[in-house]
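Letter by letter, the chains look like this.
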Amino acid sequence: MNITLQVWRQESADRPGRFVTYQVTDIEPDMSFLEMLDVLNERLIAQGEEPIAFDHDCREGICGSCGVMIDGLPHGPQLGTATCQLHMRKFRDGDTIVVEPWRAAAFPVIKDLVVDRSAFDKIIEAGGYISVDTGSAPDANLIPVPKEVADTAFDAAACIGCGACVAACPNGAANLFTAAKVAHLNLLPQGQAERWRRTEAMVETMEQYFGSCTNHGECEKACPKGISIDFIAMMNRDYAKAKVKNRRLLSQSN
Amino acid sequence: MTYTISSRQLDSKIPGGPLEDKWENHKFSIRLVNPNNKRKFKIIVVGTGLAGASAAATLGELGYNVEVFTFHDSPRRAHSIAAQGGINAAKNYHNDGDSVFRLFYDTIKGGDYRSREANVYRLADVSLNIIDQCTAQGVPFAREYGGYLDNRSFGGAQVSRTFYARGQTGQQLLLGAYQALLRQVAAGTVKLHRRTEMLDLVVKDGRAVGIVTRDLISGEIRSHSAHAVVLATGGYANVFFLSTNAMASNVTAAWRAHRRGAAFANPCFTQIHPTCIPQSDEFQSKLTLMSESLRNDGRIWVPKRADDNRPPDQIPEEDRDYYLERMYPAFGNLVPRDVASRAAKRMVDAGKGVGPLKNGVYLDFSHAIERLGIDVIADRYGNLFEMYERITDENPYKVPMRIYPAPHYTMGGLWVDYNLMTTIPGLYALGEANFSDHGANRLGASALMQGLADGYFILPYTIGDYLADFLGDPVVPTDDPAFREVEDEVRGRISGYLNTGGTRSVDWFHRELGKILWDHCGMSRNEEGLKKALAEIPALYEEFKRDVRVLGTNESLNQSLEKAGRVDDFFELAQLMCLDALHREESAGGHFREEYQTEEGEALRRDDLFAYVAAWEWTGNPQAPALIKEPLEFEYVTPSTRSYK
């Protein structure tokens, strides 16, 4: 295959960027998108040009490091697939492909296709955990969790923190990311003690860094793990409840 | 390359008393640091995988003053995240006869009797606490309809003791540890350094006193001082270039510590995982693992006849060889990894390989689908099947998967004593970075167990015993000459790479190095091949030093520069691996020397000569390391020839 790439090159955060066009010839359809970039980089090095910087690591779609806009879509055209698992067979010979970094004010560009996603960690720091010091846990089977609950919590917990949801959102909102963690922990019995405090703290921290959700639904479509926007509804419900909950009565179920 | 025998002795500090009481006795006899004094001690933790994140979080909870370093953009990216299948624990929730002793026994046996009894028993013992801790953190382990935890079986065991979270157990456990870590970051007990890579260790008066790092964005070289340094920097399987490790996984932190005096143990014990997707072309950047859990329901086979080119659905049952079931009827498809890998290699070497490059064997789910229905199989392995299809464009519900072994995990690593301290006082190594618990072969679902055991439940106790001596002592200031000298060396190395001005990329050298190692120090090894590798690697290394091309500057994000340092260290490690493999004239676990095999082609251990840990000391001359032998004694398990028949 032969393709034309238009790649965003930017030296550093404080320097202006630009698109640079590269002809990439003799590409195998069985290569992954990132392997295609590896090949291009090898050729650039041979020509004495600095290779394109991009984040990547596990190349199995689980670490969440990689992710670029491919023809305006986060992670490219294949649904439910991170950039590292997208293969060139999904493109046609002769295609022109535009490659950009995540577009979001909360994710400033560091270099070329690499962005700073540390705002995600701030949201987790605000309450994306269950406070249980090492050593203080009871026997695991003391807390039965209905299978449906465990499965749904898992569906939310599958988030890889790549940032595609933010990049896809016209508002640059991080509601799907935040909701995925809120739902994972708020659904489980272990997460009940901190449920209301967690929801308020995480939502309000999110609002400090990211835009606001207006229910476009682009995030769900872009998510490589197919995380449902139902979780955003759950988070919004819990956030509203959190504002009126009398926490001294937390141990009562209603 | 030759070696000398070191005059030094290693003290593994194994406590006395009966096996089951050693850890309890030890915890009581070692010194503690009073809760109010803990904040006076500064501890550096390098790496945020399962071991590093769990250690940093737990040390923070205890009140220590912790600084944690990751070269990723977030601690959550560490490669523990990619572990699929599960985590072992001797809970015996399924009433099938499991016990701490059985898990201990299986692990010692699975490791082919090349690990320490006391360490392994402790690992099996704390496995119970790990599951409790992770469940309380909200790790969404698989559950049965009654709401209780489910288990699956893994290779090398005849009980069902593996806890799992679909095919993403590592992810969920790591996120649990990451969340616990960020909770401490928010509480101010842990300071987190992102995109910061440790490039060297600083030793003063024989003790580890800090590290030198490079900020991967600004290029700033900086010193960090502490009372103790903990390395949780993972394994070195990427020395093979093609492996299932993440692209950035490397040996630099451990190797730099080795060069500063930490002995490196059993480097030749590397694990080749039997179920990976075969290589498809020359450009491949890494290999993808398919969880071992697939062997619960998948059946492995090849055509009986070599060069049988029929598609799998046209090969009738009588022309198929379900070779693992035939050779090992008791364990069948669930034999340990090293056994399964070598069997696959024998099939492919005999011309029975399948797929376009004839470099794989089939892993077939058609019988399981018939027996259990497609929904059950999808529930168990759905995400793995999807991943396989994304990569190969083949649907495993309809066509058998093709798999082949690939480098995956390294049992060798920094030598540590029972307290997880290396031979440098004040320097600890956890998780895959140390050599401690898996002997010559690791059982599936035991890496997650060990990383979390070390980080949550072992190091946080044992480190106090070392720190207790230094109460009231300030850390060594970072303007001390000890730090300045190391910083200068680091700067010198970096400018060396940038100024070489050669013609070939770092990746080119890495790939060539990987080919040599895979051919001669991979799934099977022999004297001739190892000697050849020991001649070829130094030649390639010289070429690397002369001809590598690293463009750009130090003062910005420069991924080629990062790789150059890592590959440089892989070159030195690769030579030690081959030397270790050459000196170990026996076959044990993942180390298969062709000269030492039974008539049936199984590994032949030589306990009379090699029942020891080979700990290698840096002598200053990479061509002449010194060997220290730590004898292994077996009081509770009698080493026997492993049989999975």
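Each chain has its residues counted from 1, running along the sequence as written. Whichever chain is written first is A, and whichever ligand is written first is 1; the rest continue in order. Per-residue local features are limited, in this predicted model, to residues with pLDDT of at least 70; the limit for side-chain atom pairs, both in listing and counting, is 80 or more; totals at the level of whole chains, interfaces and linings are taken over all residues. Side-chain descriptors were evaluated using all non-hydrogen atoms of the structure, hydrogens and water having been removed beforehand.

What follows is about the domain arrangement of chain B. Residue and element names in this part refer to chain B. According to the domain assignment, chain B contains domain 1 (275-407) and domain 2 (481-601). Contact criterion: two residues are considered in contact whenever any of their non-hydrogen atoms come within 4.5 Å of each other. Taken together, the contact between domain 1 and domain 2 spans 11 residues of the former and 10 residues of the latter. Here domain 1 meets domain 2 over a buried area of about 780 Å², counting both sides, of which 58% is carbon and sulfur. Salt bridge, as applied in this entry: a Lys or Arg side-chain nitrogen positioned within 4 Å of an Asp or Glu carboxyl oxygen. Inspection of the region where domain 1 meets domain 2 yields zero salt bridges. Two N or O atoms form a polar contact when they lie within 3.5 Å of each other; inside protein one atom must be a possible hydrogen donor and the other a possible acceptor, and for residues adjacent in sequence the pair counts only when both atoms belong to side chains. Run the count over domain 1 and domain 2 and you get one residue pair in polar contact (both at pLDDT 80 or more). Strands here mean DSSP runs of E at least two residues long; helices mean DSSP runs of H or I at least four residues long; both are numbered from the N terminus. For the side of domain 1 that touches domain 2, the secondary-structure elements that each account for two or more residues are α9 (337-349) and β16 (401-410). Domain extents, as shown, originate in an automatic or database domain assignment. Throughout, buried area stands for the accessible area (probe radius 1.4 Å) lost by two parts on being put together, summed over both.

It is common to report an interface's size as the accessible area lost on association of the parts. All names here are of chain A. As far as domains go, chain A holds domain 1 (3-111) and domain 2 (117-249). The C-alpha centroid of domain 2 is placed 30 Å from the C-alpha centroid of domain 1. Taken together, the contact between domain 1 and domain 2 spans 19 residues of the former and 18 residues of the latter. Carbon and sulfur atoms supply 64% of the area that domain 1 and domain 2 bury against each other, a total of about 1300 Å² over both sides.

A word on the environment of Pro224 of chain A. Following the sequence through the fold, Pro224 of chain A ends up in the loop between α7 (218-222) and α8 (230-244). Along the backbone, Pro224 of chain A and Leu185 of chain A are 39 residues apart, and their C-alpha atoms lie at a distance of 21 Å.

When DSSP locates at least two bridges between a pair of strands, those strands are taken to pair. Strands sit in the order β12-β16-β15-β13-β14 (chain B) across an open sheet of five strands; the sheet is antiparallel. Since the sheet does not close on itself, it has two edges, and those belong to β12 (270-276) and β14 (320-321) of chain B, each with one partner.

Attention now moves to the packing of aromatic side chains. Here the aromatic set is Phe, Tyr and Trp, taking the six-membered ring for Trp, and pairing holds for ring centres within 6.5 Å; pairs whose planes are under 30 degrees apart are stacked, those over 60 apart are edge-to-face, and all others are tilted. Scanning the model with the defined rule gives 33 aromatic pairs over all chains in all. With 5.7 Å between their ring centres and 35 degrees between their planes, Phe120 of chain A and Phe210 of chain A make a pair best called tilted. Taken together, the residues Phe120 of chain A in helix α2 (residues 118-125) and Phe210 of chain A in the loop between α6 (195-209) and α7 connect sequence positions 90 residues apart. The class for Phe120 of chain A is buried, based on a relative accessible area of 4%. Taking relative accessible area as the criterion, Phe210 of chain A reaches 6% and is therefore assigned buried. A centroid spacing of 5.3 Å and a plane angle of 40 degrees characterise the contact between Phe544 of chain B and Phe571 of chain B, whose relative ring orientation is tilted. Here Phe571 of chain B lies in helix α16 (residues 559-583) and Phe544 of chain B lies in helix α15 (residues 527-547), a separation of 27 residues in the sequence. Grouped by ring-pair contacts, the aromatic residues Trp508, Phe509, Tyr541, Phe544 and Phe571 of chain B constitute a single cluster. Both a distance and an angle decide whether a charge sits over a ring: NZ of Lys or CZ of Arg must be within 6 Å of the ring centre and within 35 degrees of the ring normal. Its end group placed over the ring of Trp23 of chain B, Arg122 of chain B keeps NZ or CZ at 4.7 Å from the ring centre. Under the scheme applied here, a residue whose accessible area is under 20% of the maximum for its type counts as buried, over 50% as exposed, and between as partly exposed, the area being computed with a 1.4 Å probe on protein chains only.

Residues and elements named next belong to chain B. Where strand β1 (residues 4-5) meets strand β20 (residues 626-631), two bridges bridge the pair, whose relative direction is parallel. The residue of β20 that forms the bridge with Ile5 is Leu627. Sheet topology note: the strand β19 (residues 612-617)/β20 ladder contains six bridges and is antiparallel. By the bridge assignment, Ala615 is partnered in β20 with Ile628.

Attention now goes to the pattern of salt bridges. Opposite charge on two side chains permits pairing when their charged atoms draw close. Residue and element names in this part refer to chain B. Under the definition given, this model contains 73 salt bridges over all chains. Salt-bridge contacts for Glu292 lead to Arg337; the nearest nitrogen and oxygen are separated by 2.4 Å. Of the two residues, Glu292 is situated in the loop between β12 and β13 (299-303) and Arg337 in helix α9; the sequence distance between them amounts to 45 residues. Here the two residues Glu292 and Arg337 agree in accessibility, since each one is buried. Connected through salt bridges with shared partners, the residues Asp112, Arg114, Arg584, Glu586, Arg605 and Asp607 form a single ionic network.

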